[in-house]
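What the coordinates show
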Amino acid sequence: MDIQTILTAFKKGEIDLDTAATQLQGFEDLGHSRVDLNRAERNGSAEVIFGQGKTAEHLIDIITSMVTHQQNVLVTRLPPETAAQVQTHFPDASYHALARILCLQQTSIAPSTTKIAVVCAGTSDLPVAEEARLTAEFYGNTVETIYDAGVAGLHRLLANLDQINACRVVIVVAGMEGALPSVVGGLIKAPIIAVPTSVGYGASLGGLSALLGMLNSCASGVSVVNIDNGFGAGFIANRINRL
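1. Some details on the overall build of the protein chain
- A count of helices and strands for the protein chain gives 11 helices and 11 strands.
- Counting only C-alpha atoms, the protein chain reaches 65 × 35 × 30 Å along its principal axes.
- Buried positions account for 46% of the 243 residues belonging to the protein chain.
- Put simply, 65% of the contacts in the protein chain that link residues at least 6 apart link residues at least 24 apart.
- When the accessible surface of the protein chain is summed, it comes to about 11,900 Å², and 54% of that surface belongs to carbon and sulfur atoms.
- Counting 15 positive and 22 negative side-chain charges, the protein chain places the centres of these two groups 7 Å from one another.

If you want it as structure tokens, here you go:
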């Protein structure tokens, strides 16, 4: 909201002095957190809350601030026990335990006209894949999911190539040696966002082997996000899909 709009609303009595002051400074200082209320205007979408390590009380304060200012709320990496406490204050919020994501939609988002695909190597990678899917859907994207399509059984991937090719951007999630994004990259024309996961035995080094394998992919058009960063993949996929 621009300065003139804020001052006009205050002059008409539509907002009080404290609300006007908060909107003018662009953030609300809660003591433990400073909620970035202007981020949607600067970056196109509201602040996203990283839930891990935050207390339920802190999260409730932050969400209350965002809800007061009519912002959609997305909380990532939120443990189930903390989510249960938050939902007592916000019963309309939906929590997805596998992805550890909490969503509270205040305003509707125009749906995308093109689709995003999430291709997941194995069932063990699903928490990361679901984090990517739910993030993309939170921002109004239609998402196609192709799960358990790893390189150990390529016929499963090939059976869904038409479905994948119909999408504008493709997220590929894999652990172990992280080979799946390279395979998909050699078969489709859409940009690929590769997500290494920490799934695997000892020498996978908590996802480092998959990360390095993806960074060294010989397939063109493959970009890589951090280990287990399904949110980051879903967010940038939304940006690409809406270009």
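2. Topic: the pairing of strand β10 (residues 192-196)
- Most of β10 is tucked away: five of the five residues are buried.
- Across the two faces of β10 the burial is the same, with Ile-192, Ala-194 and Pro-196 and Ile-193 and Val-195 all buried.
- Two strands pair when backbone bridges link them, and strand β9 (residues 169-174) and β10 are joined in this way by five bridges, in the parallel orientation. Opposite Ile-171, over in β10, you have Ile-193 as the bridge partner.
- Of the crossover connections in this fold, the one passing from β10 over helix α10 (residues 208-215) to the parallel strand β11 (residues 222-224) is right-handed.

3. As for the packing of helix α6 (residues 126-138) against helix α11 (residues 230-241)
- Across the interface, α6 lies against α11 with an axial gap of 7 Å and an inter-helix angle of 35 degrees. For α6 against α11, the interelement crossing comes out right-handed. Contacts from Val-128, Glu-131, Ala-132, Thr-135 and Ala-136 of α6 reach α11 at Gly-230, Phe-231, Gly-234 and Phe-235.
- Across the contact of α6 with α11, the residue classes tally to five nonpolar, three polar and one charged.

4. Observations regarding the sheet that holds strand β4 (residues 73-76)
- Overall, mixed pairing links the four strands, which are arranged β3-β4-β6-β5 in an open sheet. The sheet terminates laterally at β3 (49-50) and β5 (94-96), the two strands that pair on one side only.
- Where β5 lies against strand β6 (residues 101-104), three bridges are found, and the strand directions are antiparallel. Within the sheet, the bridge partner assigned to His-96 lies in β6 and is Ile-101.

5. A closer look at the environment of Arg-168
- Mapping Arg-168 onto the fold places it in the loop between α8 (161-165) and β9.
- As a C-alpha pair, Arg-168 and Leu-98 span 70 residues in sequence and 26 Å in three-dimensional space.
- Excluding residues within four positions of it along the chain, Arg-168 makes contact with Thr-114, Lys-115, Ala-190, Pro-191, Ile-240, Asn-241, Arg-242 and Leu-243.
- Within the structure, Arg-168 has its side chain in polar contact with the backbone oxygen of Asn-241 (distance 2.8 Å).

6. Some thoughts on a nonpolar patch on the surface
- Judged by side-chain polarity, Val-151, Leu-154, Leu-158 and Leu-187 come together as a nonpolar surface patch covering roughly 300 Å² of accessible area.
- With respect to the secondary-structure elements, Val-151 resides in the loop between β8 (142-146) and α7 (154-158).

7. So, the sheet that holds β11
- Here we have five strands laid out as an open sheet, ordered β8-β7-β9-β10-β11, and parallel in their pairing. The two strands at the open ends of the sheet, each matched to only one other strand, are β8 and β11. With direction set aside, neighbouring strand axes in the sheet form an average angle of 25 degrees.
- Where strand β7 (residues 115-120) meets β9, five bridges bridge the pair, whose relative direction is parallel. Following the sheet pairing, Ala-117 is matched in β9 by Val-170.
- Contacting β7, β8, β9 and β10, α6 runs over the sheet at an angle of about 175 degrees to β7.
- Each of β9, β10 and β11 is contacted by α10, which is oriented at about 155 degrees to β10, the strand it contacts most.

8. Focus on helix α5 (residues 80-89)
- Those residues of α5 not exposed but buried are Thr-82, Ala-83 and Val-86. Buried residues along α5 cover an arc of 100 degrees about the axis, so they all sit on one side. Among the exposed residues of α5, those oriented more than 90 degrees off its buried face are Glu-81 and Thr-88.
- Of the surrounding elements, those touching the buried residues of α5 are α4 (56-68), β5 and β6.

The rules behind the values
Residues numbered from 1 in each chain as written. Predicted model: local features only at pLDDT ≥ 70, side-chain atom pairs only at ≥ 80, totals over all residues. Heavy atoms only, no water. Helix = DSSP H or I, 4+ residues; strand = E, 2+ residues; numbered from the N terminus. Buried < 20%, exposed > 50% of the residue type's maximum accessible area, 1.4 Å probe, protein only. Contact = heavy atoms within 4.5 Å. Areas by Shrake-Rupley, 256 points an atom, 1.4 Å probe, with all protein chains shown as cover. Lys, Arg positive; Asp, Glu negative; His and termini not counted. Charge placed at Lys NZ, Arg CZ, Asp CG, Glu CD. Pairing = 2+ DSSP bridges. Right-handed = clockwise from strand over helix to strand, strands pointing away. Axes fitted to C-alpha atoms, helices over the stretch in contact; angles between N-to-C directions. Left-handed = near helix turned anticlockwise from the far one by under 90°. Nonpolar A, V, L, I, M, F, W, Y, C, P; charged D, E, K, R; others polar. Polar contact = N/O pair within 3.5 Å; in protein donor to acceptor, adjacent residues only side chain to side chain. Patch = residues over 30% accessible without salt bridge, like charges linked within 9 Å, V, L, I, M, F, W, Y side chains within 5 Å. Salt bridge = Lys/Arg side-chain N within 4 Å of Asp/Glu carboxyl O. Arc of directions from axis to C-beta.

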